Amino acid sequence: MAVGLAAVLTLGVGAGCAKQESAASDSTEIPIGVDIEKSGPASVQGEAYERALKLVARQINANGVKVGNQTKKIKLIVRDNKSDPAESLSVAKSLIDNDNVAAIIGGGASPTTMSIVDTVEAKKVPLVSMGSSGAIVQPIDKRKYIFKTPGNTPVIADVMLKQFQRKGIKKIAVLSVDNAYGAAGLKAWQDLDKAGKIDLVDNEKFGDKDKDFTVQVTKAVAKHPDAVVVWAIPPQAGIAAQNLRQAKYPSNQVYFDTGAGAELFVKGAGSASEGMYMVHSRVLAGDQITATTPAAQAEKKFFTDYSRDYGNFSGFAPMAADALSLIVQAITKGGRADRETIRDSLEKLTFDGAFGTYQFSPTNHGGVDESSLALLVVKNGTWTLTS
Amino acid sequence: MTSLAQFVVTGFTTGATYALVGLGIALIAQVTGVISFAQGEFVMLGGLTFALLEEKGLAAPLAALVAIVLACAVGVVLERLVLPRARAGRTDQTIMLTIGASIVIEGVALVVVGTEPHFARPFTKGSALSVGGVHITPQYVWVVAITAVVLVAMWLLLTRTRVGWAMRATAMDAEAAQLSGISPSRMSLIVFVVAAALGAIGGIVLAPLQSPDAGIGIALGLKGFAAAVIGGLGRPAGAVVGGLALGIVERVAAGYLPGDFSGYSDAIAFALLLLVLLVRPTGLLSALRVERV
Amino acid sequence: MTDDASTSTEPGTSTPVLRVRGLVAGYDRIEALHGVDVEVHQGEAVTLIGSNGAGKTTLLRTIAGLMRPWRGTVEFLGEDVSRWPAERRARAGLALVPEGRRVFAGLTVEENLRLGGYPHPRSLAADGLATVYELFPKLRDRRTQAAGTMSGGEQQMLAIGRAMMSRPKLLLLDEPSLGLAPLAVREVADALVELAGRDTTLALVEQNATVAFHVARRGYLLDRGTLVTAGSVAELREDPRVHEAYLGQPVK
């Protein structure tokens, strides 16, 4: 009797193992989970991510993915986290436990990523996030499985800082959304303020559902900063641009983080954004790229393909596109499609993507390098590279 | 000082929408005895429909008209749903019903339109005017002017027309109004439609300033309720004053709190509501209240 | 017995303005009227008398449509109106001046009066106003005053005037003298006599027997929801049951 029970248990466990194996290596499809903001306040991002992922998956599946001596296809499993951190966690758990995915792409923003990193790390599933907060990939010893595509927040702040030094800007005010993403931006500037590199004369926060920042803008402008830095995503970034224009603040002294996206002037800001700056990848001005380096050409190709398929380009699209490309590269280089191989392989990867150049290492899981970021300005209603 | 003036101007604009919602809530409460928590949804319906149609290229006045008509139609459905319970004296049920209706309206909007905010163009182009250092965009002027016109029209309706008298009479004494041949169910229908139109207009004028999305209704309904209660639920004029006061206090408080807290303007509004309920349950204007039967 | 009482003094055979048959009505589960028959004929002034709690107010409210009959019918001008809402009965010419006057306190005297004429086209209002002001000259002086700020007697005149504005075919009055100063009681009673003299069909509920018998020519005595007797005012004056109902109040 006892022997029989043990046999059944062994069989059961054995069958379970076999099933897991088959999903990870035997099947002709590689399941990749996607945890993004298809609805809620950040849905503008989620829409761009999903389009970009479908575009890249289609291109990859046209030739298939070489895994050892097999050719497989990518299977995206896209779930909506409703822009809600708690929802994001249940999406991630479901992707890992029910869909048995090889890797996860997401969350699409810092708040929806921060809520899942510990769980994903504990379950040893490789994750590539589109959130920008540095805390997503640090401290590195607790983030062995976690990677991200956007540049680290201090890197973006650094690009702006260089411009400020060139222009003699000393006093700045920061407007930031009151969540993990905005907090990371604010902290970067507070650190620079403490280090004596800039004078942060004012910082103002707004809730992630607010729709009018006249009060915050009025208070910031009253401190007479040489520049106003905005850490917000659309549509809030657009409303901030409008409110700054209403307050007659000069547009060439307004700087947006990457999060403002290409949608800044499409969604909401309209002509109010003319003359304002944003730190982003060169890809946003894809049609103006003339360089012939592999990185520049990858950016230009993605810009062209996406614009052809979907009309307007999105600043968020390349972040998701690269997340998928990075995972596929890791699988090809590692020769296997299991979670451990993907993680180990990602950590050694150097890759020229649509968003820029990635140089991952055991100490750096954090997104495109500074050389891929550029300062863009809205000129005649389109993003233009500054010299 | 200039900052304060700027906060007041901004608060006045948002407050105008609270005032229109609050006025609708007060009128419905007076004529039918129903407290409707669904009135914020009409701001959403009006604003979102207007912005969507405008994005699709419809002329603004036509888009506004369609938005108002849609809101009024939903108002009729809401009234038919709620009134039988109100007649039976089931106040608890009517409140739950309006909350339920609010959730359903939002849900339908989410399914049909999705979660994205939509942007309407300002009614007229042009940059902000500067009056003594205070920046006023043309849309602010539109919001204030249209709200003022609507309020004057409402006042004329209530004081100068037979249907207005009939509404006030029903509010004062429904049975005596019935004895004069006034149908309470007709008055109830009219007041729900009027309140829906008020909300929709509030949503339309605000749409170019604060991109509406399907989820804005519930919070606006609560703000409107706060406005009505702050002004004393029995007085239409009180709801208007309450709404404007709420909008201004919200912005001024956000303006003078340290930057770390300026994201909490909603909490300020509800703290104010609680304070009024505790200190003066009959509303701030109750001292000015004229005798009512 | 009640049948006998109500038919014995019925004048003529034309269709009555109001015919109430076997009316049973009440509040919640408490029955207040246990099958009452009443008729009012064209040009008649009828009074319903009885002690407190006899069911007089219930009877008037059920006739006016503010309460639903449990059983029995209300016929007005030959039509069964038992299922009609109060506002429809008002528009058909069945006017009730309710107990406690119930004027619209926040509206002016003239707004109150105009609301009384709500069922009719606006063009008829001037004519109606003239009639009311002639009957109650005091109201003309107070046209723009808020109704709630007037004395009880003036409010009662306004309530009657408001009902008159609807050009009623039957005027029901519920305790018009209740709570008024003696002088005001007289004024109101005189106005009702004047109205009765102008062939206004009216039914009056009164605790004040002096007023009731001054205005009406015929009456019904109600006791605890049942009709006790009916007859001419002269007959009722002599009836001991009427004296009993009024608990020794002088009946003249």
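Residues numbered from 1 in each chain as written. Chains lettered and ligands numbered in written order. Predicted model: local features only at pLDDT ≥ 70, side-chain atom pairs only at ≥ 80, totals over all residues.

As recorded by an unreviewed UniProt entry, chain B carries the name Branched-chain amino acid ABC transporter permease and is attributed to Actinocatenispora rupis. Regarding chain B, the UniProt comment filed under Sequence similarities (unreviewed entry) reads as follows: "Belongs to the binding-protein-dependent transport system permease family. LivHM subfamily." Under Subcellular location (unreviewed entry), UniProt gives the following word-for-word description of chain B: "Cell membrane". (UniProt positions renumbered as here; feature names shortened; annotations may be inferred.)

All right, on to the overall build of chain A then. When helices and strands are tallied, chain A shows 13 helices and 15 strands. In terms of overall dimensions, chain A is globule-like: its C-alpha atoms have a radius of gyration of 22 Å, near the 21 Å expected for 387 residues. Along the three orthogonal principal directions, the C-alpha set of chain A runs to about 80 × 45 × 35 Å. When contacts within chain A are restricted to residue pairs at least 6 apart in sequence, long-range pairs at least 24 apart make up 67% of them. (Helix = DSSP H or I, 4+ residues; strand = E, 2+ residues; numbered from the N terminus. Rg over C-alpha atoms; globule rule 2.2 N^0.38 Å. Contact = placed C-beta atoms within 7 Å.)

Another aspect to go through is the pairing of strand β4 (residues 103-106) of chain A. It is a general feature of regular strands that their side chains alternate between the two faces of the sheet. Sheet analysis places strand β1 (residues 29-36) of chain A next to β4(A), joined by 4 bridges and oriented parallel. If you follow A:D35 over to β4(A), its bridge partner there is A:G106. (Pairing = 2+ DSSP bridges.)

Now for the pairing of strand β9 (residues 227-231) of chain A. All names here are of chain A. For β9, the tally of buried residues reaches 5 of 5 residues, placing the bulk of the element in the interior. Covered by surrounding structure in β9 are A227, V229 and W231 together with V228 and V230, the residues of both alternating faces. One ladder, built from 5 bridges, connects strand β7 (residues 171-177) with β9; its direction is parallel. Its bridge partner lying in β9, V174 is registered against V229. Taken together, the 3 bridges between β9 and strand β10 (residues 254-256) define a ladder with parallel strand orientation. Bridge assignment links V228 to a residue of β10, and that residue is V254. You can see the chain leave β9, run along helix α9 (residues 236-246) and come back into β10, and the turn it takes is right-handed. (Buried ≥ 20, exposed ≤ 12 C-beta atoms within 10 Å, placed from the backbone. Right-handed = clockwise from strand over helix to strand, strands pointing away.)

Residue and element names in this part refer to chain A. In terms of domains, chain A is made up of domain 1 (31-151 + 304-367) and domain 2 (153-286 + 373-385). When each unit is reduced to the centre of its C-alpha atoms, the spacing between domain 1 and domain 2 is 27 Å. Counting from both sides, the interface comprises 25 residues of domain 1 and, opposite them, 26 residues of domain 2. When contributions to the side of domain 1 that touches domain 2 are tallied by element, the ones reaching two or more residues are α2 (43-63) and α4 (110-114). Top contributing element to the side of domain 1 that touches domain 2 by residue count: α4, with 3 residues. Among the residues making up the side of domain 1 that touches domain 2, the classes are represented as 13 nonpolar, 12 polar and no charged. (Domains from an automatic or database assignment. Nonpolar A, V, L, I, M, F, W, Y, C, P; charged D, E, K, R; others polar.)

We now examine the sheet that holds strand β2 (residues 30-40) of chain C. Residue and element names in this part refer to chain C. On the basis of which strands lie adjacent, the open sheet formed by 4 strands has the order β2-β1-β4-β5 and antiparallel pairing. The open sheet has two edge strands, β2 and β5 (79-80), and neither has a second partner. Here strand β1 (residues 18-27) runs beside strand β4 (residues 71-76); their pairing, made up of 5 bridges, is antiparallel. Looking across to β4, one finds that R21 is bridged to T73. In this fold helix α2 (residues 56-64) packs onto β1, β2 and β4, with an angle of close to 115° to the strand it touches most, β1. (Axes fitted to C-alpha atoms, helices over the stretch in contact; angles between N-to-C directions.)

Chain B puts 19 residues into the contact, and the matching count from chain C is 22 residues. Taken together, the elements giving at least two residues each to the side of chain B that touches chain C come down to α6 (162-172) and α7 (174-179) of chain B. The element contributing the most residues to the side of chain B that touches chain C is α6(B), with 6 residues. A per-class count over the side of chain B that touches chain C returns 9 nonpolar, 4 polar and 6 charged.

Moving on to the interface of chain A and chain B. Counting residues at the interface gives 26 residues for chain A and 24 residues for chain B. Broken down by secondary-structure element, the contributors of at least two residues to the side of chain A that touches chain B are α2, β8 (199-206), α8 (214-222) and α10 (265-269) of chain A. Element by element, the count of residues in the side of chain A that touches chain B is highest for α8(A), at 6 residues. A class-by-class count of the residues in the side of chain A that touches chain B yields 6 nonpolar, 10 polar and 10 charged.

Here we come to unusual backbone geometry. With an omega dihedral of 0°, the bond running from A:Q138 to A:P139 counts as a cis peptide bond. Examined against the element boundaries, A:P139 turns out to sit in the loop between β5 (127-129) and β6 (146-148). At the junction of A:P234 and A:P235, the peptide bond is cis and its omega measures out at 0° in the coordinates. Within the element layout of this structure, A:P235 appears in the loop between β9 and α9. Of note in the backbone geometry, A:K82 takes a positive phi value of approximately 55° without being a glycine. Note on placement: A:K82 falls in the loop between β3 (70-80) and α3 (85-97). Taking the C-beta count within 10 Å as the criterion, A:K82 has 20 such neighbours and is therefore assigned buried. Within the chain, C:D28 stands out as a residue other than glycine whose phi angle is a positive 50°. Following the sequence through the fold, C:D28 ends up in the loop between β1 and β2. According to the C-beta neighbour criterion, C:D28 is exposed, with 5 such atoms within 10 Å.

Attention shifts here to the nonpolar core. Core analysis: the biggest nonpolar cluster contains 290 residues, and A:V228, A:V230, A:A320, A:I327 and C:L172 have the highest contact counts within it. Once residues within four sequence positions are removed from consideration, A:V228 is found in contact with A:I172, A:A173, A:L175, A:A220, A:L244, A:Y249, A:Q253 and A:V254. (Core = buried A, V, L, I, M, F, W, Y, C linked by C-beta atoms within 7 Å.)

Residue and element names in this part refer to chain B. Those residues carrying the UniProt feature "transmembrane region" (unreviewed entry) are residues 7-38, 58-83, 95-120, 140-158, 189-209, 215-233, 240-257 and 269-288 in this numbering. Across residues 95-120, the secondary structure splits into 73% helix and 0% strand, with the terminal C-alpha atoms separated by 33 Å. Across residues 140-158 one finds 100% helix and 0% strand; the C-alpha atoms that close the span lie 27 Å apart.

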